[in-house]
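Summary of structural features
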Amino acid sequence: MKNLIPTLALVVGYLNAAGLSCLAQVPGVPRPNLPGRPGLNSPSAPDSPETLSANYQVTFSATAEGKALGELSMLTCSPQVSVSGPLNSGMTPTTFTVNGTLGEKDGELLFSYGIGFSLPVTSTTISPKTEGQQVVSNIQYQQHSSQGMLRMKPGTAYEVLKAAGAVYTITISPVPSK
């Protein structure tokens, strides 16, 4: 039994080496990148990710009838913006998703975006019951979406969407370095 373990390790090592060299020889099968061993088409040093000139606080908020419904906010220096979640923590929150690209040009921000949100719609029915009436509430979600591009001044709020009595606003502000 003691002689079997080193023999097994030798066989497994041989099969792994043979398998990797076979993969490298088969056209159309990518060669696995091993640590410390760059692939055939990989650059010698990784590219640095594209970044904006500052950190930006990106805030999406909603109001209805003058009352705040909630907001989503994120901090980024990446041109790629993606945020999703409920606007508040109520029983039936509006869920909001934004994906976009943020760029800087001549002191302005260019924001190309896609917005999707689910708005709760509550209906109530009253059904007769033997001893009184029974009230039943039903909640369904309506799906809405919008896409476009904005030319923005940093720190200025823009009403990007109005739907179902609510106003959705975006503000993108630079965050000073500490």
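Shown above is the structure to which this text applies.
Let me begin by describing the structure that accompanies this report. Values in this document were obtained by computation on a predicted structure and should not be read as measured data. (Residues numbered from 1 in each chain as written. Predicted model: local features only at pLDDT ≥ 70, side-chain atom pairs only at ≥ 80, totals over all residues. Heavy atoms only, no water.)

1. What about the overall build of the chain?
Formally: Starting at the N terminus, helices and strands are each numbered in turn, a helix being any DSSP run of H or I of at least four residues and a strand any DSSP run of E of at least two. To sort residues, take the accessible area from a 1.4 Å probe on protein chains only and compare it with the maximum for the residue type: under 20% means buried, over 50% means exposed, and anything in between is partly exposed. The Shrake-Rupley method, run with a 1.4 Å probe, gives the accessible areas here. Residue values count only the displayed protein chains as cover.
Along its length, the chain carries 1 helix and 8 strands. Secondary structure elements of the chain occur, N-terminal to C-terminal, as α-β-β-β-β-β-β-β-β. Looking at the chain residue by residue over its 178 residues, the buried ones come to 25%. Of the accessible surface of the chain, which amounts to about 12500 Å², a share of 56% is contributed by carbon and sulfur atoms.

2. Examining the packing of aromatic side chains
The line we're drawing: Under the pairing criterion, centres of Phe, Tyr and Trp rings, with the six-membered ring standing for Trp, must be within 6.5 Å; the plane angle then separates stacked pairs below 30 degrees from edge-to-face pairs above 60, leaving the rest tilted.
Summed over all chains, the structure comprises 6 aromatic pairs. Aromatic pair phenylalanine 96 and tyrosine 168: ring centres 5.4 Å apart, planes at 20°, arrangement stacked. Taken together, the residues span a long stretch of sequence, with phenylalanine 96 in strand E4 (residues 95-105) and tyrosine 168 in strand E8 (residues 166-175) at a distance of 72 residues. Judged by relative accessible area, which is 2%, phenylalanine 96 ranks as buried. Here phenylalanine 111 and tyrosine 113 contribute two aromatic rings whose centre-to-centre distance is 5.9 Å and whose plane-to-plane angle is 20°, an arrangement assigned as stacked. One aromatic cluster in this structure is built from Phe60, Phe96, Phe111, Tyr113, Phe117 and Tyr168.

3. Looking at the pairing of strand E2 (residues 67-76)
Applicable threshold: Here the rule is simple: two strands pair whenever DSSP picks up at least two bridges between them.
Across 9 bridges, the pairing between strand E1 (residues 55-64) and E2 is antiparallel. Bridged to serine 61 within E2 is glutamate 71. Hairpin remark: E1 followed by E2, antiparallel, with 2 residues in the connecting loop; positive phi at glutamate 65, about 50°.

4. Observations concerning the nonpolar core
What counts is decided by this rule: In this text, buried Ala, Val, Leu, Ile, Met, Phe, Trp, Tyr and Cys residues form a nonpolar core when linked through side-chain atoms within 4.5 Å. Residue contacts are defined here by distance: any two heavy atoms, one from each residue, within 4.5 Å place the two residues in contact.
With 29 residues, the main nonpolar core has Phe96, Phe111, Tyr168, Ile170 and Ile172 as its most contacted residues. Looking at this core, the elements that each hand over two or more residues are E1, E2, strand E3 (80-86), E4, strand E5 (108-129), strand E6 (132-152), strand E7 (157-163) and E8. The element that contributes the greatest number of residues to this core is E5, accounting for 6 residues. Those residues in contact with tyrosine 168 that sit more than four places away from it in its chain are Ser61, Ala62, Leu87, Thr94, Phe96, Phe117, Leu119, Tyr158, Glu159, Val160, Leu161 and Ala163.

5. A few points about the environment of glycine 114
Inspection of the secondary structure puts glycine 114 in strand E5. Other than its neighbours up to four places away in sequence, glycine 114 contacts Thr97, Val98, Asn99, Ser146 and Gln147.

6. Observations concerning the sheet that holds E7
Rules: In this analysis an axis means a line fitted to C-alpha atoms, helices contributing only their contacting stretch, and an angle means the value between N-to-C directions, from 0 to 180 degrees.
Here we have 4 strands laid out as an open sheet, ordered E2-E1-E8-E7, and antiparallel in their pairing. The open sheet has two free edges, formed respectively by E2 and E7, since each of these has just one partner strand. Sheet twist, expressed as the average angle between the axes of neighbouring strands with direction ignored, equals 20°. In this structure, E7 lies alongside E8, joined through 6 bridges in antiparallel fashion. Bridged to leucine 161 within E8 is tyrosine 168.

7. Considering the side chain of threonine 94
Note that threonine 94 resides in the loop between E3 and E4. Setting aside anything within four residues of it in sequence, one finds threonine 94 in contact with Gly85, Pro86, Leu87, Phe117, Ser118, Leu119, Pro120 and Tyr168.

8. Examining the environment of serine 118
This is how the line gets drawn: Under this definition, polar contacts are N or O atom pairs within 3.5 Å; protein pairs additionally need one hydrogen-donor-capable and one acceptor-capable atom, and for neighbouring residues in sequence, both atoms have to be side-chain atoms.
Locating serine 118 in the fold gives a position in strand E5. Exposure remark for serine 118: the relative accessible area of 12% places this residue in the buried category. Sequence separation of serine 118 and serine 145 is 27 residues, and the distance between their C-alpha atoms is 8.9 Å. Setting aside residues up to four positions removed in sequence, serine 118 forms contacts with Pro93, Thr94, Thr95, Tyr141, Gln142 and Gln143. Of the polar contacts made by the side chain of serine 118, one reaches the side chain of glutamine 143; its length is 2.8 Å.

The analysis is restricted to geometry; functional conclusions fall outside its scope.
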